[in-house]
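Structural features, examined
Below, each chain spelled out in residue letters.
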Amino acid sequence: MKIEVMFHCGNAPKMERVINLTIALSKKDIDAVKTHVREDFTWRIVGENHIVKLDQLTQTLMTKPQILELRVENALSHGKGAMCEGVITFDNGLTYVFCNIVQFVNTASDALIKEAHTYFIKA
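Heads up: these notes are all about the structure in this document. Everything numeric here is computed off the predicted structure, so don't read it as measured data.

Criteria and cut-off values
- Residues numbered from 1 in each chain as written.
- Predicted model: local features only at pLDDT ≥ 70, side-chain atom pairs only at ≥ 80, totals over all residues.
- Heavy atoms only, no water.
- Pairing = 2+ DSSP bridges.
- Helix = DSSP H or I, 4+ residues; strand = E, 2+ residues; numbered from the N terminus.
- Axes fitted to C-alpha atoms, helices over the stretch in contact; angles between N-to-C directions.
- Contact = heavy atoms within 4.5 Å.
- Buried < 20%, exposed > 50% of the residue type's maximum accessible area, 1.4 Å probe, protein only.
- Patch = residues over 30% accessible without salt bridge, like charges linked within 9 Å, V, L, I, M, F, W, Y side chains within 5 Å.
- Areas by Shrake-Rupley, 256 points an atom, 1.4 Å probe, with all protein chains shown as cover.
- Salt bridge = Lys/Arg side-chain N within 4 Å of Asp/Glu carboxyl O.
- Phe/Tyr/Trp six-rings, centres within 6.5 Å; stacked < 30°, edge-to-face > 60°.
- Lys NZ or Arg CZ within 6 Å of the ring centre and 35° of its normal.

1. Brief notes about the sheet that holds strand 6 (residues 95–104)
Reading across the sheet, the seven strands line up as 1-4-5-6-7-2-3 and stay open at both edges, with mixed pairing between neighbours. Strand pairing shows two members of the sheet lacking a second neighbour, strand 1 (2–5) and strand 3 (51–53), which therefore form its edges. Mean inter-strand twist for the sheet, computed between neighbouring axes without regard to direction, equals 20°. Two strands pair when backbone bridges link them, and strand 6 and strand 7 (residues 113–122) are joined in this way by nine bridges, in the antiparallel orientation. Across the sheet, residue Ile 101 finds its bridge partner in strand 7, namely His 117. Those strands touched by helix 1 (residues 13–27) are strand 1, strand 2 (37–45), strand 4 (67–78), strand 5 (81–90), strand 6 and strand 7, and its axis lies near 160° from that of strand 4.

2. Side note on the environment of Tyr 119
Its location among the elements puts Tyr 119 in strand 7. With relative accessibility at 36%, the residue Tyr 119 sits in the partly exposed group. Measuring from C-alpha to C-alpha, the distance between Tyr 119 and Gly 47 comes to 8.0 Å, with 72 residues separating the pair along the chain.

3. Observations concerning a nonpolar patch on the surface
On the surface, Met 1, Ile 3 and Val 5 cluster together into a nonpolar patch covering about 210 Å² of accessible area. The topology assignment puts Val 5 in strand 1.

4. Quick notes on the packing of aromatic side chains
Here the structure, examined in full by the defined rule, presents one aromatic pair. A centroid spacing of 5.7 Å and a plane angle of 80° characterise the contact between Phe 90 and Tyr 96, whose relative ring orientation is edge-to-face. On the basis of relative accessibility, which here comes to 21%, the residue Tyr 96 falls in the partly exposed class. Against the face of Phe 104 rests Lys 14, its NZ or CZ located 5.2 Å from the ring centre.

5. Thoughts on the pattern of salt bridges
Tallying each qualifying case throughout the model produces three salt bridges. Notably, a salt bridge pairs Glu 48 with Lys 64, separated by 3.0 Å at the nearest N-O pair. With Glu 48 in the loop between strand 2 and strand 3 and Lys 64 in the loop between helix 3 (57–62) and strand 4, this pair connects stretches of sequence that are 16 residues apart. A salt bridge links Arg 71 to Glu 73, with the nearest nitrogen and oxygen atoms 2.8 Å apart. Owing to a relative accessible area of 38%, Glu 73 belongs among the partly exposed residues under this scheme.

What follows is the structure, given as structure tokens:
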């Protein structure tokens, strides 16, 4: 998978964490996901009718198409929240813009992510 991070300031740990979580989810790398989230982490794809818990994540990701390219174009963090957005291209040829929004357990720079929700819009 080709990964491009267009936005990187190097001194915002939470922004780095949301970008790294997005990359881990895109790679379907559950071990990497676990380094960024709490045990009670939940993920929701906006528009789908269910919330995925951490123990269901592997099964859920395996049902998703493979990502050929991930481009992170923007990222922000403030307080207990962070987001990153960009473009993904799947192996079926479809391209989507995305926005991954996360909430941390607290405002500490090393806080873990407790929940995320992701928007996908066909480009």
